[in-house]
Amino acid sequence: MSSGDLDLLEVNPRIRAALRRAKLRSVADVLCCGQDLHTLGLSRSDVQQLLKTAALACRRRRPITAATLRAHPSSLRLSVGCPVLDELLRGGLPAGSVTELAGESGAGKTQLALQICLSVQYPVQHGGLHSGAVFISTEDAFPSRRLQQLIREQPNLRSDIPQSLIDTINFSNNIYIEHAADLDSLQVCVTRRVPLLLTRGLVRLVVIDSVAALFRSEFQASDWLERNRQLISFSSKLHQLSQEYDIPVLCVNQVTDVFSTSDDTLGPLSSSVSPALGLAWANQVTVRLMMQRLQRTVSHGDQQSALRRLEVVFAPHLARDGQEAAVWREGVRGVQS
């Protein structure tokens, strides 16, 4: 079925009439709206039925269930650079999927993303993918000074790796930094420059920091349909890259305040915030992680750090769980009680 065959969907005529009034012309338009379809006067069950029918109409191959992924998990994982956090994630970030890392400002998201950009450069036997990383920055200037500090501190963070091996890796030369000031430049980056780096074997990790910045700034509230359409197109390209090259894609995301008291949340159970971009984006990621900055502080030698918590919100292969962590000079480490 093509994206324009809306009249061929087997739905209640009342639902089809509501779609016509809203001037939705294709199955793609319906899927882009997602849960926002309730604004058309449709009930929750109507929306669920419509989305299910539209998704089935567009399906090109049989979907992979969570049970299948658990029974046949991909063995390729990228270590985050800390054995305690890797244990939470059952080895690290899964290749062939899109992982989201969300949290408030100062939670340590970018710090962990930088750490993973170094981890990917180690051989597979040490949790890496023996390649580089491309870091796409959409907000602030790239934190190059912090990156250099993390590089100098690698022997302290990765005491499991021989110093002689660390000395052979030129970490800085294997991180390709891209700046995207608007959605057009972001699109060019992920459709042209990133595939070129992947094809040449120069990188095996894609990091975007952050995914919400441009989609939040370039659209008004009334533009939600076009925003969702571009968001889904963008995420589709990320999934294509992750699966075609069998790599992990890491998207750092901002958060928004949650005013609902419902237990049906897509964020941590203990949090009053939820990842930005709503359900339209939540449905596009395979793994959702969140970092929280807690009130307590911890000490490590002459260093002090605010305690953080890394939580698995959802993942097809992981239970909902969390692990306390802290940010030190050498990087992000899990804190065992």
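Structural data are supplied above this passage.
Residues numbered from 1 in each chain as written. Predicted model: local features only at pLDDT ≥ 70, side-chain atom pairs only at ≥ 80, totals over all residues. Heavy atoms only, no water.

Visitor: Teacher, can you tell me more about the pairing of strand S12 (residues 322–328) here?
Guide: Put simply, side chains in a regular strand alternate between the two faces of the sheet. Of all 7 residues in S12, 6 are buried, a share of seventy percent or more. Of the strand pairs in this sheet, strand S11 (residues 303–314) and S12 are connected by 5 bridges, and their pairing is antiparallel. Its bridge partner lying in S12, Glu-311 is registered against Gly-322. In textbook terms, the turn of a hairpin is the stretch between consecutive antiparallel strands, and for S12 and strand S13 (residues 331–334) this stretch comprises 2 residues. (Buried < 20%, exposed > 50% of the residue type's maximum accessible area, 1.4 Å probe, protein only. Helix = DSSP H or I, 4+ residues; strand = E, 2+ residues; numbered from the N terminus. Pairing = 2+ DSSP bridges.)

Visitor: Is there a simple way to think about the environment of Glu-226 in this case?
Guide: Relative to the assigned elements, Glu-226 resides in helix H12 (residues 224–244). Polar contacts involving the side chain of Glu-226 include one to the side chain of Arg-229, which spans 2.7 Å. (Polar contact = N/O pair within 3.5 Å; in protein donor to acceptor, adjacent residues only side chain to side chain.)

Visitor: Is there a simple way to think about the sheet that holds strand S4 (residues 132–137) in this case?
Guide: The strands making up a sheet are joined through hydrogen bonds of the backbone, oriented either antiparallel or parallel. Here 9 strands make up an open sheet; going across it, the order is S5-S4-S6-S7-S3-S10-S11-S12-S13 and the pairing mixed. In this open sheet, the two strands that pair with only one neighbour each are strand S5 (175–179) and S13. Sheet twist, expressed as the mean angle between neighbouring strand axes with direction ignored, is 25°. When strand S10 (residues 287–300) meets S11, the two strands line up antiparallel, connected through 10 bridges. Bridging from a neighbouring strand, Met-290 pairs with Glu-311 of S11. Helix H10 (residues 183–199) contacts S4, S5 and strand S6 (203–209) of the sheet and is inclined by roughly 170° relative to S4. In the packing of H12 onto the sheet, the strands contacted are strand S3 (97–103), S6 and strand S7 (248–253), and the crossing angle to S3 comes to about 125°. (Axes fitted to C-alpha atoms, helices over the stretch in contact; angles between N-to-C directions. Contact = heavy atoms within 4.5 Å.)

Visitor: Would you mind showing me how to read the packing of aromatic side chains here?
Guide: Think of a pair of aromatic rings as described by two things: how far the centres are apart, and how the planes are tilted against each other in angle. Within this structure, the stated rule accounts for 3 aromatic pairs. Plain terms: the ring middles of Phe-135 and Phe-142 are 5.0 Å apart, the flat faces sit at 80° to each other, and that makes the pair edge-to-face. Across the pair, exposure class does not vary: Phe-135 and Phe-142 are buried alike. Note on Phe-215 and Phe-234: the rings are 5.8 Å apart at their centroids and 50° apart in plane angle, and the pair reads as tilted. Of the two residues, Phe-215 is situated in helix H11 (residues 212–217) and Phe-234 in helix H12; the sequence distance between them amounts to 19 residues. (Phe/Tyr/Trp six-rings, centres within 6.5 Å; stacked < 30°, edge-to-face > 60°.)

Visitor: Would you mind showing me how to read the environment of Gln-148 here?
Guide: Summarising the element assignment, Gln-148 is placed in helix H7 (residues 144–152). Linking Gln-148 and Phe-171, residues 23 residues apart in sequence, is a C-alpha distance of 9.1 Å.

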